[in-house]
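Residue-level structural notes
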4 protein chains.
Amino acid sequence: MIQAAIVGANGYTGFELMRLLASHPQVKLTAAVSRSNAGVPVADLYPPLRFAYGDMAFSAADVSQLKGVDVCFTALPHAASAEIGGQLHDMGVKVIDLSADFRYDSLELYQSTYKVTHPRPELNAQAVYGLPELFRDKIRAASIVGNPGCYTTCSILALYPLLKEGLIGRDGIIIDAKSGVTGAGRKADLAYNLCEASENFKAYGVTTHRHTTEIEEKLGVSLSFTPHLLPVKRGILATVYVECTASDADIQAAYDKYYKNERFVFASPMLPELHHVRGSNCCAIGYKLDPRLKRVILVSVIDNLIKGASGQAIQNMNILFGLDEGLGLPLVGEYL
Amino acid sequence: MIQAAIVGANGYTGFELMRLLASHPQVKLTAAVSRSNAGVPVADLYPPLRFAYGDMAFSAADVSQLKGVDVCFTALPHAASAEIGGQLHDMGVKVIDLSADFRYDSLELYQSTYKVTHPRPELNAQAVYGLPELFRDKIRAASIVGNPGCYTTCSILALYPLLKEGLIGRDGIIIDAKSGVTGAGRKADLAYNLCEASENFKAYGVTTHRHTTEIEEKLGVSLSFTPHLLPVKRGILATVYVECTASDADIQAAYDKYYKNERFVFASPMLPELHHVRGSNCCAIGYKLDPRLKRVILVSVIDNLIKGASGQAIQNMNILFGLDEGLGLPLVGEYL
Amino acid sequence: MIQAAIVGANGYTGFELMRLLASHPQVKLTAAVSRSNAGVPVADLYPPLRFAYGDMAFSAADVSQLKGVDVCFTALPHAASAEIGGQLHDMGVKVIDLSADFRYDSLELYQSTYKVTHPRPELNAQAVYGLPELFRDKIRAASIVGNPGCYTTCSILALYPLLKEGLIGRDGIIIDAKSGVTGAGRKADLAYNLCEASENFKAYGVTTHRHTTEIEEKLGVSLSFTPHLLPVKRGILATVYVECTASDADIQAAYDKYYKNERFVFASPMLPELHHVRGSNCCAIGYKLDPRLKRVILVSVIDNLIKGASGQAIQNMNILFGLDEGLGLPLVGEYL
Amino acid sequence: MIQAAIVGANGYTGFELMRLLASHPQVKLTAAVSRSNAGVPVADLYPPLRFAYGDMAFSAADVSQLKGVDVCFTALPHAASAEIGGQLHDMGVKVIDLSADFRYDSLELYQSTYKVTHPRPELNAQAVYGLPELFRDKIRAASIVGNPGCYTTCSILALYPLLKEGLIGRDGIIIDAKSGVTGAGRKADLAYNLCEASENFKAYGVTTHRHTTEIEEKLGVSLSFTPHLLPVKRGILATVYVECTASDADIQAAYDKYYKNERFVFASPMLPELHHVRGSNCCAIGYKLDPRLKRVILVSVIDNLIKGASGQAIQNMNILFGLDEGLGLPLVGEYL
């Protein structure tokens, strides 16, 4: 059994890790660390956890006590996450970091995007970007994985094959993305009160959202990225507009080249809906050509808490430890 | 034109008063007082208000500056509301209070329920309970109106005629009530975050909710009252269980006696749904006899922000000033 | 009092007309025609209507019996609507048509878009496009008004001033629009079942939605229009991407030129949210420049059933009859 | 590997069976039978199934072709289900029936409740009521299991221990239950259109709902059962009112006696919320004494599609085949 720990376990991605790991046959969760909730039973914050974890409590944040665990998921605010993750790495623990701290190749881009100084620049150089369908081989050998952002995963999986195969224009790309409210994390904030957020819809972070630079770096292009807040709990749908004169067959061939043998990614001309993947670790991609305007419109969907965060982190863990990549990960979305 | 002011205007009932008063042909809102938001444009908190109030800002809480207004709606926390309301009364301003401070006949019951000392007991003795369909004549002559609670309005309108006419048992009454999230007011509270409240449902305040004593006092009975939180914005539906061996005709006759000429209350054997009244000042009541178990089941619905708060307050104002009772009040619920 | 009738009154826009007209001080609804529901009380389909219309029933579809009404709102499927509307026009009744039949200047474009032959081409030439903020003078003199589509209203109000003033590029415009489910009308269709549509989100009609040609004709440009289905009841938000190197001041000046004195349209740099206008006849427009990519991103919101259909129809009626343009129309959105 | 089939696989419980069985390590689904959708890929109706079942199609309804499967889940309308289930039983297939056909001890009560003649009364006498926490030993030896109703499971698990231990009154029990819309099944029905069902709430089937007799038979009492339709997809919460003068300790002891070692049932004084169990096979029960009124108020929650239908059916299958009872069943609710 792999011994795993979570640091920053009280947030929504922490809960989702605990929920998914509860049914992982090869992992034992040895510690759920939360400084602010140390000593509090995990079921007090998240009552469903009682059925799997009984009276287990969040533990205090002493990294040294995590010595001996095989892997640690770090889910802290940026900069803090790299610092704790770095200490764990120094102790020989494999680190899967859910913050932005180990996602960027360019330290400058990270630092200008997040307005912080990276606490462990030398480790950043070793870290691997944890998008398994594109970078599986590197992940296998990594000791630190930078788990991608949710919007980023959804956007990159849709665009990467078409850009690599030269089927679409590199200029003028527009990503109009819509996310459920869990994307904002566990927060007592009036803007997310049901009275303010349900039966509502809005754009936010227009021209300034931090996932823009992460997407741009991984794809090597400049683009418009506009996130919106959907009145749903989970899920991201990105509608992507790009210049294209290729055929359906070309597009499908490009996707097949990258994803044909992937169990969690499916691309076809059928435009997917949010509830096709919600509750699963899957990404579904659809496309529709518009020959009149020489464009293709892509639609890409994921569950932001699973493929966009905790599920992908577990997928990375499975790769790191040579396990079947799908262990513990839901394959069929809940739909209802 | 009647000059009106609101004290405690920044909350949801304050917003709803401003929204409804914007289309009232006989009222001018001269001040929207909010200590915590003094100087802030009302449209900053509630952008829809811009279309009616332009750049109007919340004003600071100096009661003396309200001298000369005809009526003031007070919507402050209990005890604070009676204190400010009392000062306004002393200045000759008619007061419609949306807190619990002027709702009780019994000071003891109020004080034991709300755990405060009433700041103006002598005014409480003069105040009138503002449920127009039952106490219209007293309201007409009042200078202070205690606007009823939301759960209370919904429950009393359903039970009062049947109890008065002796058609139902006085023991064993159970009110199982369900309210939308606006009932909790404008709050940055994790429990009301869309992620926690949508696709969820729960009972709360079981055996302890403060509206219990208000209902019991007005009806003169003891009963179980259990509120639940619905994943909707607005509206209350109460399902009421009472012993009954009367006939449909008896029940209908009792309701007709009290409500036949009421424009805002409708009772029939058809069980109403929340969206039959949401967005209106109406209360719809339905009933279904269960001869097998010698019971009748009542279903009563209102919009908690309108008939359960701000709309009823305006209805009371219309009565106080001899206006048509329906002025400025939505008669047809939005349904969609 | 203006005598008004509605033909096709059983749909959601018919209900919304009845709901709004109930509080219009200068209009009496003399007939709510519905062939499929003739004889059925309007309150059987829409219980909230009981409070204003009592036992009034839908009437059968005999146009000749509408002789003498001043105005008729026609809300039938396309082609059928123009035929009935044409007969009413021949009888001297002013017609406000909520279908697509009288919206297009070009008969060819209408016919190729809707795959029908226009039954009254000569009347189409007389009809006026009922977008009051842009075509008020023509509406005043019209006898037939083609009430604009919902997506169309939202899109045109945002783009028209900027195109007219030459501030934005005419190529490469992208409208990514999101609508509530009422936009699909009153339908027993599995796709709109709450189980399938809530906690879901999807694009539909990609590259083929019929409002595309209506928008393109009125603006004189070619563009991408992609509608999506939001899990809300009401409201449209359109996010619009256009090439632009103008300044904030230029943009604001262009909007001010067209809308400064409009009570129902407001444009500012603040990006509006759906609940800023839901429940009102208002359109709110916001803009954000992206100098890095030489673009501007516009966000425009309306209530699809009010400004996007029935409210705008009443606004047109007010203009046709020389009434105050805002009579009977909600100015302050419900927000909650 | 156990060979399993589903008859009536196109409904929501059929989908949920397919979704859950996809991650069951000991079961292979050999046929998903749907007469109305024979030949249609399962992923056409339910796109998430593609990730587990690829291009598998629904098969036609020839029972004889199911010879050799170990177990069949029948999810057809009542009477039809018993007929097909009976044929399968005759072929030696173990049957887990999700209709009401094998739930009742009393044929008369079944027939008067469902207004049909039972097609296989002799088999009904052999069938076992599939509520594992109460009847596990009988299930182990059964060849036909009548899988309990959703409301029924939720209600019986809360009341059974307290009635058996004599802690509560047998008269005057009231169950006020609230269910998500999936409880109505997969239907193109206007009443379940998001426009009609979201931001709405209603009682239905008042005094007449068919689950009443099922609950009454299993508990041996007469009671009021009132279902309501919640604007959520999944989950049932039942609020139960019963006469009681016992103590908290008595209540807890009674629940412990029955559930202490049950992994899927948890009872405590904490009142559970819908999202504590949604997405899991668990039932959570809470209680609050009201000494003033000599009552106890119970709150019981389940996921209607899992513990209330398909999950419980799989739990029964695990018991029938001597597997670990929790195999393939989600233990931790999704909460978010």
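Structure first, text after, so check above.
Read on for a plain summary of the structure. (Residues numbered from 1 in each chain as written. Chains lettered and ligands numbered in written order. Predicted model: local features only at pLDDT ≥ 70, side-chain atom pairs only at ≥ 80, totals over all residues. Heavy atoms only, no water.)

What follows deals with the overall build of chain A. The secondary structure content of chain A amounts to twelve helices and 13 strands. The globule rule puts the C-alpha radius of gyration for 336 residues at 20 Å, and the 19 Å found for chain A is close to it. For chain A, the proportion of its 336 residues judged to be buried stands at 67%. Of the contacts made within chain A by residues no fewer than 6 positions apart, 71% connect residues no fewer than 24 positions apart. Summed over its atoms, the accessible surface of chain A is roughly 10,400 Å², and 49% of this surface lies on carbon and sulfur atoms. Separation of charge centres in chain A, based on 31 positive and 34 negative side chains, amounts to 1 Å. (Helix = DSSP H or I, 4+ residues; strand = E, 2+ residues; numbered from the N terminus. Rg over C-alpha atoms; globule rule 2.2 N^0.38 Å. Buried < 20%, exposed > 50% of the residue type's maximum accessible area, 1.4 Å probe, protein only. Contact = heavy atoms within 4.5 Å. Areas by Shrake-Rupley, 256 points an atom, 1.4 Å probe, with all protein chains shown as cover. Lys, Arg positive; Asp, Glu negative; His and termini not counted. Charge placed at Lys NZ, Arg CZ, Asp CG, Glu CD.)

Turning our attention to the side chain of Thr226 of chain B. Examined against the element boundaries, Thr226 of chain B turns out to sit in strand β9 (residues 223–229). In this structure the side chain of Thr226 of chain B is engaged in a polar contact, spanning 3.0 Å, whose partner is the side chain of Tyr241 of chain D. Sequence-distant contacts of Thr226 of chain B, defined by excluding residues within four places in its chain, comprise Ile175, Asp176, Ala177, Ala203 and Val206 of chain B together with Thr239, Tyr241 and Ile297 of chain D. (Polar contact = N/O pair within 3.5 Å; in protein donor to acceptor, adjacent residues only side chain to side chain.)

It is worth spelling out the interface of chain C and chain A at this point. Across the boundary between the two partners, chain C contributes 46 residues, which contact 46 residues of chain A. Interface of chain C and chain A: buried area, both sides summed, is about 3,700 Å²; carbon and sulfur atoms make up 54% of it. Looking only at chain C, the three residues that lose the most surface to chain A are Glu199, Phe201 and Tyr241 of chain C, adding up to 17% of its buried area. At the junction of chain C with chain A, the criterion picks out six salt bridges. Its salt-bridge partner being Glu273 of chain A, residue Lys202 of chain C comes within 3.8 Å of it at the nearest N-O pair. (Buried area = accessible area lost by both parts, 1.4 Å probe. Salt bridge = Lys/Arg side-chain N within 4 Å of Asp/Glu carboxyl O.)

Residues and elements named next belong to chain D. If you trace the seven strands from one edge of the open sheet to the other, you get β8-β9-β7-β10-β13-β12-β11, paired in mixed fashion. Of all strands in the sheet, those bounded by a partner on one side alone are β8 (202–203) and β11 (265–268). The sheet contacts of helix α8 (residues 150–164) involve β7 (173–179), β9 (223–229), β10 (236–243), β11, β12 (283–290) and β13 (295–302), and relative to β13 the element is tilted by about 140°. Sheet strands in contact with helix α10 (residues 211–219) are β7 and β9, and its direction is about 140° off that of β9. (Pairing = 2+ DSSP bridges. Axes fitted to C-alpha atoms, helices over the stretch in contact; angles between N-to-C directions.)

Here we take up the relation of the copies chain B and chain A. Under the fitted operation, chain B is carried onto chain A by 0.0 Å of movement along the axis and a turn of 180°, and the coordinates agree to an RMSD of 0.0 Å. Taken together, the rotation and translation relating the two chain copies correspond to the operation of a two-fold axis. (Least-squares fit on C-alpha atoms with pLDDT ≥ 70 in both.)

In this section: the pairing of β9 of chain D. Across a regular strand the side chains alternate sides, sitting on one face of the sheet and then on the other. Residue and element names in this part refer to chain D. The buried fraction of β9 amounts to seven of the seven residues, a majority that puts the element mostly inside the structure. The two faces of β9 match: Leu223, Phe225, Pro227 and Leu229 on one face and Ser224, Thr226 and His228 on the other face are all buried. Here β8 runs beside β9; their pairing, made up of two bridges, is antiparallel. Bridge pairing in β9 links Lys202 to Leu229.

Looking now at the sheet that holds strand β11 (residues 265–268) of chain C. Residue and element names in this part refer to chain C. Reading across from one edge, β8-β9-β7-β10-β13-β12-β11 is the order of the seven strands in this open sheet, with mixed pairing throughout. Either end of the sheet is taken by a strand with one partner, and the two such strands are β8 (202–203) and β11. Relative to strand β10 (residues 236–243), strand β7 (residues 173–179) runs antiparallel, the two being bridged by six bridges. Residue pairing for β10: Ala177 is matched across the bridge by Ala238. The sheet strands contacting helix α8 (residues 150–164) are β7, β9 (223–229), β10, β11, β12 (283–290) and β13 (295–302), and the helix crosses β13 at an angle near 140°.

Turning our attention to the interface of chain B and chain A. You'll often see interface size given as the accessible area lost when the parts meet. Facing the 19 residues of chain B at the interface are 19 residues of chain A. Of all residues in chain B, the largest losses of buried area upon contact with chain A belong to Leu194, Cys195 and Lys233 of chain B, amounting jointly to 39% of the total for that side. Taken together, the connections running from chain B to chain A amount to ten residue pairs in polar contact (both at pLDDT 80 or more). When residues in the side of chain B that touches chain A are grouped by element, the largest group, four residues, is from helix α9 (residues 194–197) of chain B. Taken together, the residues of the side of chain B that touches chain A sort by class into ten nonpolar, three polar and six charged. (Nonpolar A, V, L, I, M, F, W, Y, C, P; charged D, E, K, R; others polar.)

A separate point is the pattern of salt bridges. With the rule as written, the count across this model stands at 80 salt bridges over all chains. Among the salt bridges present, the one from Lys257 of chain B reaches Glu165 of chain B, with a minimum N-O distance of 2.9 Å. Residue Lys257 of chain B is located in helix α11 (residues 248–259), and its partner Glu165 of chain B is located in the loop between α8 (150–164) and β7 (173–179); the two are separated by 92 residues in the primary sequence. Judged by relative accessible area, Lys257 of chain B falls into the exposed class, the value being 57%. With a shortest N-O distance of 2.8 Å, Lys178 of chain D and Asp176 of chain D are connected by a salt bridge. With respect to burial, Lys178 of chain D and Asp176 of chain D carry one shared label: buried. Through salt bridges with shared partners, one network takes in Glu16, Arg19, Arg234 and Asp303 of chain A.

So, on to the pairing of strand β3 (residues 71–74) of chain A. Residues and elements named next belong to chain A. Residues Val71 and Phe73 point to one face of β3 and Cys72 and Thr74 to the other, with burial holding for every one of them. Of the pairings in the sheet, the one linking strand β1 (residues 2–7) to β3 comprises four bridges and is parallel in character. Along β3, the bridge assignment pairs Ala4 with Val71. Alignment of β3 against strand β4 (residues 94–97), held across four bridges, turns out to be parallel. The residue bridging Cys72 from the neighbouring strand is Val95, located in β4.

All names here are of chain A. For helix α10 (residues 211–219), a buried count of nine out of nine residues is recorded, marking the element as mostly surrounded by other parts of the structure. All buried positions along α10 are accounted for by His211, Thr212, Thr213, Glu214, Ile215, Glu216, Glu217, Lys218 and Leu219. Tucked into the core, α10 has its buried residues touching α5 (107–114), β5 (128–129), α8 (150–164), β7 (173–179) and β9 (223–229). Positive phi appears at Gly220, one or two residues downstream of α10, with a value of about 70°.

Let's shift gears to the environment of Ala4 of chain C. With respect to the helices and strands, Ala4 of chain C occurs in strand β1 (residues 2–7). With residues up to four places along the chain from it excluded, the contact list for Ala4 of chain C reads Val27, Lys28, Leu29, Thr30, Ala31, Val71 and Phe73 of chain C.

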